[in-house]
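Single-letter residue listing:
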Amino acid sequence: MLSLRRVEPGDSDRMFTWRNLPHVAVHQYSDHEIARPEHDAWFARILADPRRLYWIIQDGGEPIGLANLVDIDQQNSKCAWAFYLGASDLRGKGIGSWVELKVLDHVFLDLKLNKLCCEVLTSNPGVVRMHKRFGFQEEGLLRAHVRKGGQFLDAHVLGLLRDDYLAQRDDLVAMLRKLGMQTE
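In this text, all values refer to a predicted model and were calculated from it rather than measured experimentally. (Residues numbered from 1 in each chain as written. Predicted model: local features only at pLDDT ≥ 70, side-chain atom pairs only at ≥ 80, totals over all residues. Heavy atoms only, no water.)

### Here we look at the overall build of the protein chain
Part 1 of the reasoning: If you tally the helices and strands in the protein chain, you get 6 helices and 7 strands.
Part 2 of the reasoning: When the elements of the protein chain are put in sequence order from the N terminus, they spell out β-α-α-α-β-β-β-α-β-α-β-β-α.
Part 3 of the reasoning: Taking 184 residues into account, the globule formula puts the C-alpha radius of gyration at 16 Å, and the protein chain, at 16 Å, falls close to it.
Part 4 of the reasoning: Counting all 184 residues of the protein chain, 46% fall into the buried class.
Part 5 of the reasoning: Taking the contacts inside the protein chain whose residues are at least 6 apart along the sequence as the reference set, 61% of them involve residues at least 24 apart.
Part 6 of the reasoning: Surface exposure of the protein chain reaches about 9,700 Å², of which carbon and sulfur atoms provide 50%. (Helix = DSSP H or I, 4+ residues; strand = E, 2+ residues; numbered from the N terminus. Rg over C-alpha atoms; globule rule 2.2 N^0.38 Å. Buried < 20%, exposed > 50% of the residue type's maximum accessible area, 1.4 Å probe, protein only. Contact = heavy atoms within 4.5 Å. Areas by Shrake-Rupley, 256 points an atom, 1.4 Å probe, with all protein chains shown as cover.)

The structure is reproduced here in structure tokens:
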């Protein structure tokens, strides 16, 4: 059974390892191996910043990935999000779709924000397709936005509005149930 739980201080080592895994790092904006002092400073900031919310994705209580909200802006009723799975063999099993539904529910039903944004490197078309299945609209393309491996990569800018999400939520739940995913 999949679940989300808030990140705790004891998750730092696991997250340090995940952030440096090649299949995770390839989709991140940074292009270097993250050193322990850099990670420790980042981890302290994410725990202290009320504009950020981090969850550990669990399968049967076993940590398998991370989901987060950043730049939570109550004044403008928006935030951004991202996620990753710690093991590469977990991709394509519907876990990302389950996480997306749970994060969207939290943003739009619990926080009652109006907009959720994300950026995805063009080298990650599967995640772009997944976000679009959940109603995200392409709002732009950031050209030559990130330098990785000595070359500049573009990034998709995607956004989803609360009313659009609520109008299709029942269909998304039905889609996940067809995949055999628990939704409640």
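### Some thoughts on the layout of surface pockets
In this approach the atoms are scanned with a rolling probe the size of a water molecule, which exposes any empty space left behind.
Part 1 of the reasoning: Estimates place the volume of the largest pocket at around 1,500 Å³.
Part 2 of the reasoning: In terms of lining, the largest pocket is formed by 50 residues, of which the most central are His27, Gln28, Ala82, Phe83 and Tyr84.
Part 3 of the reasoning: Broken down by secondary-structure element, the contributors of at least two residues to the lining of the largest pocket are α2 (22-25), α3 (36-48), β3 (62-73), β4 (78-85), α4 (95-110), β5 (115-121) and α5 (125-133).
Part 4 of the reasoning: In terms of residue count, β4 provides more of the lining of the largest pocket than any other element does, 8 residues in total. (1 Å grid on protein atoms, 1.4 Å probe; cavity = no way out; pocket = protein on both sides within 12 Å on 5 of 7 lines; lining within 4 Å. Points joined across faces, edges and corners; volume = space filled by probe spheres on them.)

### Comments concerning helix α1 (residues 12-19)
Part 1 of the reasoning: Turning to α1, its buried residues number three or more, namely Ser12, Met15, Phe16, Trp18 and Arg19. Mapping the buried residues of α1 onto a view down its axis gives an arc of 165°, with all of them on the same face.
Part 2 of the reasoning: Packed against the buried residues of α1 are α2, α3, β2 (53-59), β3 and β4. (Arc of directions from axis to C-beta.)

### With respect to the side chain of Lys148
Part 1 of the reasoning: With respect to the element layout, Lys148 can be found in strand β6 (residues 137-148).
Part 2 of the reasoning: Asp31 provides the closest opposite charge to the buried, unpaired Lys148, separated from it by 4.0 Å.
Part 3 of the reasoning: One polar contact links the side chain of Lys148 to the main-chain carbonyl oxygen of Gln28, over a distance of 3.0 Å.
Part 4 of the reasoning: Among all residues touching Lys148, those that are not within four sequence positions of it are Ala25, Val26, Gln28, Tyr29, Ser30, Asp31, Leu121 and Leu153. (Lys, Arg positive; Asp, Glu negative; His and termini not counted. Salt bridge = Lys/Arg side-chain N within 4 Å of Asp/Glu carboxyl O. Polar contact = N/O pair within 3.5 Å; in protein donor to acceptor, adjacent residues only side chain to side chain.)

### Section: the state of the cysteines
In protein structure, a disulfide is the covalent linkage between the sulfur atoms of two cysteines.
Part 1 of the reasoning: One pass over the structure, following the stated rule, counts 0 disulfides.
Part 2 of the reasoning: Cys117 supplies the cysteine sulfur nearest to Cys79, a cysteine that is in no disulfide, at a spacing of 7.6 Å.
Part 3 of the reasoning: The thiol of Cys118 is unpaired, and the distance to the nearest cysteine sulfur, on Cys117, comes to 7.7 Å. (Disulfide = S-S within 2.5 Å.)

### Here we look at the environment of Arg143
Part 1 of the reasoning: With respect to the helices and strands, Arg143 occurs in strand β6.
Part 2 of the reasoning: Residue Arg143 is classed as exposed on the basis of its relative accessible area, which comes to 70%.
Part 3 of the reasoning: Through-space distance from the C-alpha of Arg143 to that of Leu153 is 7.1 Å; in sequence the pair is 10 residues apart.

### Structural notes on α5
Part 1 of the reasoning: For α5, every residue scored as buried is listed here: Val127, Val128, Met130 and His131. Relative to the axis of α5, the buried residues are bounded by an arc of 160° and lie together on one face.
Part 2 of the reasoning: The elements touched by buried residues of α5 are β4, α4, β5 and β7 (151-161).
Part 3 of the reasoning: Among the residues trailing α5, Gly135 stands out with phi positive, at a value near 100°.

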